[in-house]
Amino acid sequence: MLSLIIPAQIFVLSAALLINGFNWHQSHQKQDTKPQINIANLANGNYQFCSQPDPQDWRVGAGVCANFQKTANRFEGYYGYPHSDNFICIRGNVKGNLITGEAFAILWSGNQQNHLPQSRFIWDAEGRLTLSQSYLMGTANHHEDAMQRIFYRQALLNLEGFYQYNRPRMTPPLQLCKWN
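Just so it is clear, the structure is predicted and the values come from calculations on it, not from any experiment. (Residues numbered from 1 in each chain as written. Predicted model: local features only at pLDDT ≥ 70, side-chain atom pairs only at ≥ 80, totals over all residues. Heavy atoms only, no water.)

S.K.: I would appreciate a short explanation of the overall build of the protein in the present structure.
M.R.: Along the backbone of the protein there are two helices and nine strands. When the helices and strands of the protein are placed in sequence order, the string is α-β-β-β-β-β-β-β-β-β-α. Of all 180 residues assigned to the protein, the portion counted as buried reaches 36%. Of all intrachain contacts in the protein linking residues separated by at least 6 positions in sequence, the fraction that spans at least 24 positions is 56%. In the form shown here, the protein has an accessible surface area of approximately 11,200 Å², with 55% of it arising from carbon and sulfur atoms. (Helix = DSSP H or I, 4+ residues; strand = E, 2+ residues; numbered from the N terminus. Buried < 20%, exposed > 50% of the residue type's maximum accessible area, 1.4 Å probe, protein only. Contact = heavy atoms within 4.5 Å. Areas by Shrake-Rupley, 256 points an atom, 1.4 Å probe, with all protein chains shown as cover.)

This is the structure we're talking about:
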């Protein structure tokens, strides 16, 4: 009789551990998944999406962020790193979470480029923004405060899996991105 109890107890214990482990995995899996928001379906308005969740502190964003205005299927804003001057102005059409259009960068004296790439390249460490077909729009000042504006005829930005912040906290796009 004792030999029948032990295998039955082992079976019950194994099943309980297996079920609890499965439930634990499912609950943690739900917490770790990124929200699935379709930018094309958002109402017209101003938005901020970032690659990392809202830090809930003094910072205006975490990771790399897109701060933009959406009107119908149009995107106009910028993509870059909060608390830096490393950003790209983008405007174009939204399809799902992809933005296809054109872009420009403002480069200050320490970051100016002599060679402008024509072929496609990835702008950010996250691999979300691809730019190509660049040309120099103009320069201003030729000393310490020198500035270059580089235009990209083709830009492709993928915001799939980014976190939507409850409100834009970065500098408004119209203050940074003057297209004229």
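S.K.: Can you walk me through the pattern of salt bridges in this structure?
M.R.: Pairing between side chains of opposite charge can happen when their charged atoms approach one another. This model, assessed by the stated rule, comprises three salt bridges. A salt bridge links Arg59 to Asp57, with the shortest nitrogen-to-oxygen separation between them at 3.0 Å. Ionic pairing is found between Arg91 and Glu102, a salt bridge with its closest N-O pair at 2.5 Å. Of this pair, Arg91 sits in strand 4 (residues 87–95) while Glu102 sits in strand 5 (residues 98–108), and the two are 11 residues apart along the sequence. Here Arg91 falls in the partly exposed class, since its relative accessible area comes to 24%. (Salt bridge = Lys/Arg side-chain N within 4 Å of Asp/Glu carboxyl O.)

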